[in-house]
Structures are given as C-alpha cells and as structure tokens.
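# Chains, contacts and geometry: an overview
If you want the building blocks of each chain, they are given just below.
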Amino acid sequence: MNILHNYVPINSIEKLDRLLENLSVKIEISKSRKSKYGDFKFNNGASKISISETSNKYRFLITLIHEIAHFKSYVNFGYEIKPHGEEWKKIYKKIMEPFLNSSIFPSKLLILLKKHMEKPSASSDSDSKLSIEIKRHDINLNTKFIFELIEGDIFKFNLKNYRIIKKRVKKYECLNLSNNKKYIFSPHVQVSLINL
C-alpha cells in the first residue's frame, strides 16, 4: 500500500493513484512546518515534493495536488514561468477537477474549494472562508479562530500572549502583551484562548 493513502480521504485514493502513475517525482512526508504545507523542488536532476504531515486529510490532498501541479508545470515549461502563473493555474485546475466531488470532500468545503479553483491562488490560506473551512477539519480541540473571539479577549499564538484591541474591516488589531507592540491577525488564524 502507498504510504500516501494514510493521509488522504479514502475515496480519493483511486484517482490519486492514477494521477501519480508514471510521474518521476519523489514524494516525501515531512514533519509539520508552520511556514508552509508543502513544496516542490528540482535539484541535481531530481524532482521532489515535500508535504507537511497533518491529520487533516483534506488539507493534505489539496496541498499534494497543488505541488503536483508545480511539478507538471516544471516538466512542461521549465523554470521560465511564474510559480503561480497562468500555466500553473491551468494545470492545477485540470488535475484538481476529478477530485472536486462530494464523495471526497464534505459539501461546505467542496463549495468553497470549487469557488477557489475558479481563480486559484498561491495558498488556500489567502482565501479566508476556504482556510477556515479546511481548518475546521484539523484535529485540535483547544483552539479557536480569531474571528470567534471578542474585543478584550486574551489569547496565545506562537507562545506569546496577545489581547484583541479591535476588529478592522476584515482583520484584527491585537496587542502583544510582552512588548506592547500592535500586530494584525487574519480572521482564520487559530489561537488558544486564555481564560483569566
């Protein structure tokens, strides 16, 4: 059995195996990274995709297909194109299309993912609604989204404590309680609420 099967929705396995057939790329599962979910690299004549380990099967599948699109873009066009340019978008849409069905993704996530795929961006996190819906499938019961907190709430993020000052148009202005500097947070950031 392919190790990737443990990380993706069960109903995506057959389609994924077909997609991976005859691809000359090494796929590795790396320890979870805070800065990215996956990447594609070409070094010394070898292609490699690295995907961060996660219990969220939907995030893993979306990231894997995103990175396979980078590999296919490289094979077809070389490095002369923009990483998330029109060539990549076209390939990403084409290879994601067979996976966009209700046997693989829950309905709310599927609706948002289909909308995102009309004009895919470099990261699913740039689409707040999609990012929140994907994160709802993370297995972490001790976190909340910033948008679920209210003004004055204190929370922990990356081992630092913050207080929500106010909501701006879409984002939240927060005060770092150790250095008294203000920071802006997107609504889909997950934090740990501190009960005082």
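Preceding this section is the structure that the text describes.
The rules we used
- Residues numbered from 1 in each chain as written.
- Predicted model: local features only at pLDDT ≥ 70, side-chain atom pairs only at ≥ 80, totals over all residues.
- Heavy atoms only, no water.
- Axes fitted to C-alpha atoms, helices over the stretch in contact; angles between N-to-C directions.
- Helix = DSSP H or I, 4+ residues; strand = E, 2+ residues; numbered from the N terminus.
- Parallel < 35°, antiparallel > 145°, perpendicular 65-115°, else oblique.
- Left-handed = near helix turned anticlockwise from the far one by under 90°.
- Contact = heavy atoms within 4.5 Å.
- Nonpolar A, V, L, I, M, F, W, Y, C, P; charged D, E, K, R; others polar.
- Pairing = 2+ DSSP bridges.
- Buried < 20%, exposed > 50% of the residue type's maximum accessible area, 1.4 Å probe, protein only.
- Salt bridge = Lys/Arg side-chain N within 4 Å of Asp/Glu carboxyl O.
- Core = buried A, V, L, I, M, F, W, Y, C linked by side-chain atoms within 4.5 Å.

Remark: helix 2 (residues 57-77) packs on helix 3 (residues 86-96), axes separated minimally by 8 Å, with the N-to-C direction vectors making an angle of 130 degrees. Classed by the angle they form, the pair helix 2 and helix 3 counts as oblique. Of the two possible hands of crossing, helix 2 and helix 3 adopt the one that is right-handed. Across from Ile-62, Ile-65, His-66, Ile-68, Ala-69, His-70, Lys-72, Ser-73, Asn-76 and Phe-77 in helix 2, the residues of helix 3 making contact are Glu-87, Trp-88, Ile-91, Tyr-92, Ile-95 and Met-96. Of the residues assigned to the contact of helix 2 with helix 3, the class counts are 10 nonpolar, four polar and two charged.

This part is about the sheet that holds strand 7 (residues 172-176). Pairing within the open sheet is antiparallel, and its six strands lie in the order 4-9-5-6-7-8. Each having just a single partner strand, strand 4 (144-145) and strand 8 (182-185) make up the two edges of the open sheet. Summarising the sheet, strand 5 (residues 154-157) and strand 6 (residues 160-167) pair through four bridges and their orientation is antiparallel. Across the sheet, Lys-156 pairs through a bridge with Asn-161, a residue of strand 6.

Trans is the common state for peptide bonds, and a negative phi is the common state for residues other than glycine. Backbone geometry at Asn-22 places phi at a positive 65 degrees, although glycine is not the residue there. On the basis of relative accessibility, which here comes to 78%, the residue Asn-22 falls in the exposed class. Unusually for a residue other than glycine, Asn-158 sits at a positive phi of about 50 degrees. Mapping Asn-158 onto the fold places it in the loop between strand 5 and strand 6.

Each regular strand shows side chains that alternate between the opposite faces of the sheet. Where burial is concerned, most of strand 3 (residues 46-52) is hidden: five out of the seven residues are buried. Of the strand pairs in this sheet, strand 2 (residues 38-43) and strand 3 are connected by six bridges, and their pairing is antiparallel. When the sheet's bridge partners are listed, Gly-38 is paired in strand 3 with Ile-51. Once strand 2 ends, the chain turns through two residues before running back antiparallel as strand 3, passing Asn-44 with a positive phi of about 50 degrees.

A few words now on the pattern of salt bridges. Scanning all chains against the criterion turns up 10 salt bridges. For Glu-28, the salt bridge is made with Lys-26, and the minimal N-O distance between the two is 3.1 Å. Accessibility expressed as a relative area gives 27% for Glu-28, which makes it partly exposed. Put simply, Lys-26, Glu-28 and Lys-48 are held in one network by salt bridges that share partners.

Grouped burial of nonpolar side chains is what soluble globular proteins tend to show. Ranked by size, the top nonpolar core spans 37 residues in total, and within it Met-96, Phe-99 and Phe-105 carry the most contacts. Elements represented by at least two residues in this core include exactly helix 1 (13-20), strand 3, helix 2, helix 3, helix 4 (107-118) and helix 5 (128-135). Examining the composition of this core, we find that nine residues originate from one element, helix 2, more than from any other. Sequence-distant contacts of Met-96, that is, excluding residues within four places in its chain, are made with Ile-62, Ile-65, Leu-113 and Met-117. Residues Ile-164, Tyr-172, Phe-185 and Val-189 belong to the second largest nonpolar core, which totals 10 residues.

The next subject is the packing of helix 3 against helix 4. In the contact formed by helix 3 and helix 4, the axes pass within 10 Å of each other and the chain directions differ by 150 degrees. Accordingly, the angle class assigned to the pair helix 3 and helix 4 is roughly antiparallel. The handedness of the crossing between helix 3 and helix 4 comes out as left-handed. Across from Tyr-92, Lys-93 and Met-96 in helix 3, the residues of helix 4 making contact are Leu-113, Met-117 and Glu-118.

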